[in-house]
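# Chains, contacts and geometry: an overview
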Amino acid sequence: MNIKARQIVNWIFCLSLLVIFSGCESDILDQVPKDSLTEELVWTDVQGATQFVNSIYANMPSGFDRNYGGWAKGLYLLDGTTDDGDVSMQWTHSNQLQSGDFLPSNVPWGETWGDYYGLIRKTNVALENLDRLEDEEIRAGLKGQVHFLRAFIYHELLRLYGLKTDGSEATGVPLIDSSLTPDDNLQIPRSTYDEVVDFILADLEIAKPLLPTPALAEAGRANKGAVDALKSRILLYAERWEDAADAAAQVTGYSLFPDYRTLFLTKNNEEVIFAKKFQYPDKHHQTNAGGTQGAGWDVYNTPNTFRGASDAGWGGNLPTQNFVDSYEMVDGEPQETSPLFDPQNPYENLDPRFKATVVHDGATFRGREIALDVDGAEGQPEAFIMTGYFLRKFHNEDLIIYSQSSDQDWIFMRYAEVLLNYAEAQNEAVGPDGSVYAAINQIRERAGMPELPTGLSKDQMRERIRNERRIELAFEEHRFFDIRRWRIAESLLNGPLYGIEIIKENGTTTYNKVEFETRSFPNKLYVLPIPQGEIDKNPAAKQINGW
């Protein structure tokens, strides 16, 4: 439902500006003094308006810095609550998100609702005021960025708190397209899923002609390619298959980075479409957090057998055996049927993305060999290990933990995802034609894997595409949403999850697949509930799906 609000009262606006700018990125030189901010100065000054928009980028939640309980950021990834992962830090709310054993009064990552709607308010304020900027070119570019950002934020809200159904139930999120004052009607019901999708698409249509091409865009800022990439994802989730394939096909100016392992550490490479930028010391994974000094991805996800200046690693996000079993062998065959699979050497001859993603027994990690057998250093219970694996992906292995907070960029969208979006949408729309094969085979070629076999049926291709997404996009927070939109989470997450137990005796190594945890997935967990505190403020936004 679109809300038309009155012009915001000047003193409230100026107060909000002071709060907003206190969280701005510090990479902008010669900032306007905070004690002299006024509404007129901000919106008639290029620097002030740019800072305002930059503050929206700076405060976008990501997998590396999503707010956790007001004291830390990014403690675990959403993948840690899927069949692909577990979380070693048992005191986190990951257990509740794995089982659905929580109430709207204590929603895991519940701060995200308020964080996103706070950012939506900033986008609305910007769109109401940017026309006051005299520089036409800069004004147009900033408006394009803000329309893109509002679309992206609503997409994030929709996939967390909305639910696509075949019925007419309003299962989207409240739509607010203007800033609100205390005098406005703040009882705003949910719009339908399709209404939110259409609102997002309208923002993207406005944004695209105002934005530069990828080649001319500033790193970390919206561009035409990012618009089409986001559009392909939105339409894919909405199951508008033909339109999703068309949008993905429009994405140009990007290519696959040659090395899968290092693409997540190589800033601004040719595969990155849209990312949250970090650069120590000005902006890192714990910027403005009150948590552990020097923490961030590398601390949270390093075994506690590694010590830094002040403490040890925390173990972090742990791959499961379920996930490891999904890797093909280098001949393109499943592990259970390939003649290359050796149960005595189960980690050899796997898809090369395995060793780029997973730390297994005997692997070299941070300069030494990892021992994950039951008597090994990393296999001990006090090492926080439950699954028999650690995660390598995203790690800066040269960084000494606690020497500084991590500053890897979080990649929201990259070209490999666009190819996967295209393949899935095109297969659903017309079947496995040559363009579907071409899209998937590009990704497999980069990984060092053989092409898909010809002659696959539509159903067979669907399963291959889904597994390719699982492997290629592992721990990038896609699996959490994919298994929900495919409606397969209940079949995957009601029952045991598996790890590996490794026993070394008399020169012989035995690998035993073991249950490490039994999970439940109630149907209501297909969508997160709106935090109760937010419902109390806006009862019109009702809970859905049994929450």
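Remember, it's a predicted structure, so these values are computed and weren't measured experimentally.

## Regarding the pattern of salt bridges
Taken as a whole, this structure holds 45 salt bridges when the rule is applied. Across the salt bridge formed by Asp409 and Lys277, the nearest N and O atoms sit 2.7 Å from each other. Placement of the pair is Asp409 in the loop between β9 (390-391) and β10 (410-414) and Lys277 in the loop between β4 (272-276) and α10 (297-300), with a sequence separation of 132 residues. Its relative accessible area of 9% is what places Asp409 among the buried residues. Each of Glu271, Glu328, Asp351, Arg353, Lys393, Arg414, Arg444, Arg446, Arg464, Glu468, Glu472 and Glu476 takes part in salt bridges that share partners, so that together they form one network.

## A few points about the nonpolar core
Ranked by size, the top nonpolar core spans 156 residues in total, and within it Phe148, Tyr154, Leu157, Ile273, Phe274 and Met413 carry the most contacts. Residue contributions to this core peak at twelve residues, all from helix α6 (residues 136-161). Contacts of Leu157, omitting those with residues within four sequence positions, involve Trp113, Tyr116, Tyr117, Ile120, Gly162 and Val173.

## Regarding the environment of Phe264
Here Phe264 lies in the loop between α9 (241-249) and β4. Setting aside residues no more than four positions away along its own chain, Phe264 makes contact with Lys393, Phe394, Gln408, Ile411, Arg414 and Glu476.

## Here's the deal with unusual backbone geometry
For the bond from Tyr280 to Pro281, the omega torsion is 5°, close enough to zero to count as cis. Note on placement: Pro281 falls in the loop between β4 and α10. Despite not being glycine, Tyr402 has its phi angle at roughly 75°, a positive value. Summarising the element assignment, Tyr402 is placed in the loop between β9 and β10.

Definitions and limits used
Residues numbered from 1 in each chain as written. Predicted model: local features only at pLDDT ≥ 70, side-chain atom pairs only at ≥ 80, totals over all residues. Heavy atoms only, no water. Salt bridge = Lys/Arg side-chain N within 4 Å of Asp/Glu carboxyl O. Helix = DSSP H or I, 4+ residues; strand = E, 2+ residues; numbered from the N terminus. Buried < 20%, exposed > 50% of the residue type's maximum accessible area, 1.4 Å probe, protein only. Core = buried A, V, L, I, M, F, W, Y, C linked by side-chain atoms within 4.5 Å. Contact = heavy atoms within 4.5 Å.

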